[in-house]
Each structure stands twice: as structure tokens, then as C-alpha cells.
Amino acid sequence: MSAEARKPLILISNDDGITAPGIATLVRVMRRLGEVVVVAPNSPQSGMGHAITIGRPLRLDASHIFEGIEAYECSGTPADCVKLAKHHVLKDRRADLVVSGINHGSNSAVNVLYSGTMSAAIEAAIEGLPAIGFSLCDYGHDADFSHTEEWVELIARQALAHGIPAGTALNVNIPKKSDQPITGARLCRQARAKWQEEFDLRLDPYKRPYYWLIGSFVNEDPGQDTDEHALANNFVSIVPCQFDMTSRNGLRQMNDTWDLSPMPAPAGKPLPVSAPGSAAPTPGESAVGLG
């Protein structure tokens, strides 16, 4: 089959698990765009970040949850799912696009670091594959995903037609459904917003202490080019993210101000020696303690 006639191969994963409503929406949209393969966790993996499974086996079982779609449920994390999909399920086939989600809840600002949804997309980017993580800014149990479909399709079509920069995954957040239609979509930077956490101390029936993590999300960024500003104004936010976390600005500042030349030993000060009766230091060990 010619490249022109071949349908795009689209890999789908998520962090809410293969039975989540968000991934069903994503499958419904993506099957209109190409050939779909699903590899997703067999249980919720929210907040797992970029964890991978080491030291215990991974299970991968075929699933028939999506009619007419090749699908598998995995015992591991979202990043595990993408790794297994690329190296085992797809084998010699290369995905034209990897999409993750649709997450049940926002992954804007610093949430991208905690997100299992985005870890699947970023893992794909690490593997050299174009990838998008989709999230709906609604934590409600009965969240309505219906209005997300047109935006998911629009953004996925743009990615397939024009590509995504190498080493980049798109973090897409969609406002919750309301009486007002979504205004549009914006390319944004990540806002300087974070959680102000508290730990609520409680006692179990045996009077043993335990903790619930609680807190509030605070936006400290006044910029109008951020994902938080876009979402607050009913826009879909699209943030290009990279897995190279080098701070270029920090690197420049430190190169200008830090002096990392070896410090000369003070004149006339003898080198430390072992106390009488103690063993001599081994190579790589300080005479006054381990570093």
C-alpha cells in the first residue's frame, strides 16, 4: 500500500485506566482519523508522573472493550504502556501519532510534572514519536466529555498534517463544559502556578495517625500568554513541552557568576591524618569521614 493510501497509525494510552470515559472519547475521535491501537493501564494511575516498573513483571492482556479496535490492558504505568506498545505491540510499525487521555481533570501549569497522562505523551516524545496529552478541566464524577471531541480532532489533524517539533509533546487542556461555547484555542507557555499543600492529620480506629493531602491551586503568574490565563478565559490551552529540563537561563547565569576552579589548600596547613590506632583511609575515602 502506498504511503498516500495508508491510514495514519495512532497509538492511544491514558492514566485513568482502559475503562475510563475519557479514553473512550479519544478512541471515538481517533478512529475517524486513522488506524487505532490502544495500550492503557488496567487500573487508574493518576499522579504517577513518569514512573516506570522495575523489579516486578508487567502483564499485558488483550482487551475487547472497544469494538473493532486492537487494544491491550497493562499492569504498569502510562510510561510502561508506551514502552510496551512501541517495542512489543507495534514491533516494526511506527506510530504516526501518540495521544494520551482524555484525562479526568486539569494538567495545566505544574500539574504536568505529576501527570500520568502527560508521562505517556512525554515517553512517546522520548522515543521520537509525535505526541499529545489531552485533559478536561473537570474533576466531577459525571464530567461531560462531549464538547471535547471537535477540539481533539482539530488538534490531532493539525499534528498529523504539520507535525510536532522533535523532542516535544503537546499538553492540551480543555475547559469544562458550560453554557458558553469554547472561545477558541491558544498556543501558550506553562504558567507559574502551583499547589499550596496541607496535610490533614487524622486518627484511624486504633488511634494511629495518618494524613490526607489537601490544599489549593494558586496562580502566581500575571501573564496573559499562559495556559492558566487561556483556560480562565474559556480557551483550549496548548503548551509544547520538552523532556530536556535544562534551564538555559540558569545555565547562562551560573556560567557568568560561579567560579568552579579548585580551591588551593591553605598555606602551611597540614593535611589531616588518621587518629592513633585507627585504620588508614581507603582510596576515595576522606580521613575525616565519608563524603
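Residues numbered from 1 in each chain as written. Predicted model: local features only at pLDDT ≥ 70, side-chain atom pairs only at ≥ 80, totals over all residues. Heavy atoms only, no water.

Peer 1: Explanation requested: the overall build of the chain in the structure shown.
Peer 2: In terms of regular secondary structure, the chain is built from 7 helices and 11 strands. For a compact globule of 291 residues, the expected C-alpha radius of gyration is about 19 Å, and the chain comes in at 24 Å, more than 25% above that figure. Dimensions of the chain along its principal axes, counting C-alpha atoms only, are 80 × 55 × 45 Å. In the chain, which comprises 291 residues, the proportion classed as buried is 43%. A separation threshold of at least 6 residues defines the contact pool for the chain, and within that pool the share at least 24 residues apart is 76%. (Helix = DSSP H or I, 4+ residues; strand = E, 2+ residues; numbered from the N terminus. Rg over C-alpha atoms; globule rule 2.2 N^0.38 Å. Buried < 20%, exposed > 50% of the residue type's maximum accessible area, 1.4 Å probe, protein only. Contact = heavy atoms within 4.5 Å.)

Peer 1: Is there a simple way to explain the side chain of Asp221 in this structure?
Peer 2: Structurally, Asp221 is set in the loop between strand E10 (209-219) and helix H6 (227-232). By relative accessible area, Asp221 is classed as buried at 6%. Polar contacts involving the side chain of Asp221 include one to the side chain of Arg189, which spans 2.7 Å. (Polar contact = N/O pair within 3.5 Å; in protein donor to acceptor, adjacent residues only side chain to side chain.)

Peer 1: Would you mind showing me how to read the sheet that holds strand E6 (residues 131-137) here?
Peer 2: Neighbouring strands of a sheet are bound in pairs by backbone hydrogen bonds; such pairs are parallel or else antiparallel. Ordered in space as E3-E4-E2-E1-E5-E6-E7-E11-E8, the 9 strands form an open sheet in which the pairing is mixed. Both edges of this open sheet fall to strand E3 (60-63) and strand E8 (184-187), since each of them pairs with a single strand only. Across the sheet, the mean angle from the axis of one strand to that of its neighbour is 20°, orientation sign disregarded. Strand direction decides the pairing type here: E6 and strand E7 (residues 168-175), joined by 7 bridges, are parallel. Considered in E7, the bridge of Ala131 is made with Ala169. (Pairing = 2+ DSSP bridges. Axes fitted to C-alpha atoms, helices over the stretch in contact; angles between N-to-C directions.)

Peer 1: Any chance you could explain a nonpolar patch on the surface here in plain terms?
Peer 2: A surface patch of nonpolar side chains, amounting to about 600 Å² of accessible area, comprises Leu113, Tyr114, Tyr139, Trp195 and Met245. As for its placement among the helices and strands, Tyr114 is situated in helix H3 (residues 111-114). (Patch = residues over 30% accessible without salt bridge, like charges linked within 9 Å, V, L, I, M, F, W, Y side chains within 5 Å. Areas by Shrake-Rupley, 256 points an atom, 1.4 Å probe, with all protein chains shown as cover. Salt bridge = Lys/Arg side-chain N within 4 Å of Asp/Glu carboxyl O.)

Peer 1: What should I look at first to understand the packing of aromatic side chains in this one?
Peer 2: The relative placement of two aromatic rings is captured by the distance of their centres and the angle of their planes. Counted under the stated rule, the structure contains 1 aromatic pair. The positively charged end of Arg186 is found above the aromatic ring belonging to Phe235, 3.8 Å away from the centroid. (Phe/Tyr/Trp six-rings, centres within 6.5 Å; stacked < 30°, edge-to-face > 60°. Lys NZ or Arg CZ within 6 Å of the ring centre and 35° of its normal.)

Peer 1: How should I be thinking about helix H2 (residues 78-89) in this particular structure?
Peer 2: Residues Pro78, Ala79, Asp80, Cys81, Val82, Ala85 and Val89 constitute the buried set of H2. Within two residues after H2, Lys91 carries a phi angle of roughly 55°, on the positive side.

Peer 1: So what exactly am I meant to see when it comes to the packing of helix H1 (residues 21-30) against helix H5 (residues 149-162) here?
Peer 2: Each packed pair of helices is defined by two parameters, the angle between the axes and the distance between the axes. Interhelical geometry of H1 versus H5 gives an angle of 55° and a closest axis separation of 10 Å. Here H5 runs oblique to H1, going by the angle between their axes. You can see that H1 and H5 cross each other, and the crossing is right-handed. Each of Thr25, Leu26, Arg28, Val29 and Met30 in H1 lies in contact with H5, whose residues at this interface are Glu149, Val152, Glu153 and Ala156. Looking at the contact of H1 with H5, its residues break down into 5 nonpolar, 1 polar and 3 charged. (Parallel < 35°, antiparallel > 145°, perpendicular 65-115°, else oblique. Left-handed = near helix turned anticlockwise from the far one by under 90°. Nonpolar A, V, L, I, M, F, W, Y, C, P; charged D, E, K, R; others polar.)

Peer 1: What is the right way to read the pattern of salt bridges from this model?
Peer 2: Side-chain pairs of opposite charge can arise whenever the charged atoms involved come near each other. All told, the structure shown has 16 salt bridges when counted by the stated rule. Measuring nitrogen to oxygen at the nearest pair gives 2.9 Å for the salt bridge that ties Glu153 to Arg32. Taken together, the residues Glu153 in helix H5 and Arg32 in the loop between H1 and strand E2 (35-41) connect sequence positions 121 residues apart. Given the relative accessible area of 17%, Glu153 is considered buried. On the basis of relative accessibility, which here comes to 43%, the residue Arg32 falls in the partly exposed class. Salt-bridge contacts for Arg189 lead to Asp225; the nearest nitrogen and oxygen are separated by 2.9 Å. Here the residue Arg189 occupies a position in the loop between E8 and strand E9 (193-203), and Asp225 occupies one in the loop between E10 and H6, the gap between them amounting to 36 residues. A relative accessible area of 41% means that Asp225 is categorised as partly exposed.

Peer 1: Help me understand unusual backbone geometry, please; the structure alone is not making it clear to me.
Peer 2: Among all residues except glycine, the phi angle is most often negative; among peptide bonds, the trans geometry is most common. With an omega of -10°, the peptide bond between Gly101 and Ile102 qualifies as cis. Here Ile102 is to be found in strand E5 (residues 97-104). One non-glycine residue, Lys91, adopts positive backbone phi at about 55°. Here Lys91 is to be found in the loop between H2 and E5. Take Lys91: its relative accessible area is 56%, and that puts it in the exposed class. In the Ramachandran plot, Lys207 falls in the positive-phi region, its phi being about 65° despite a non-glycine side chain.

Peer 1: What's the story with the side chain of Thr148 in this structure? I'm lost.
Peer 2: For Thr148, the position within the fold is in the loop between E6 and H5. Excluding anything up to four places from it in sequence, Thr148 contacts Thr25, Ile102, Leu136 and Ile174.

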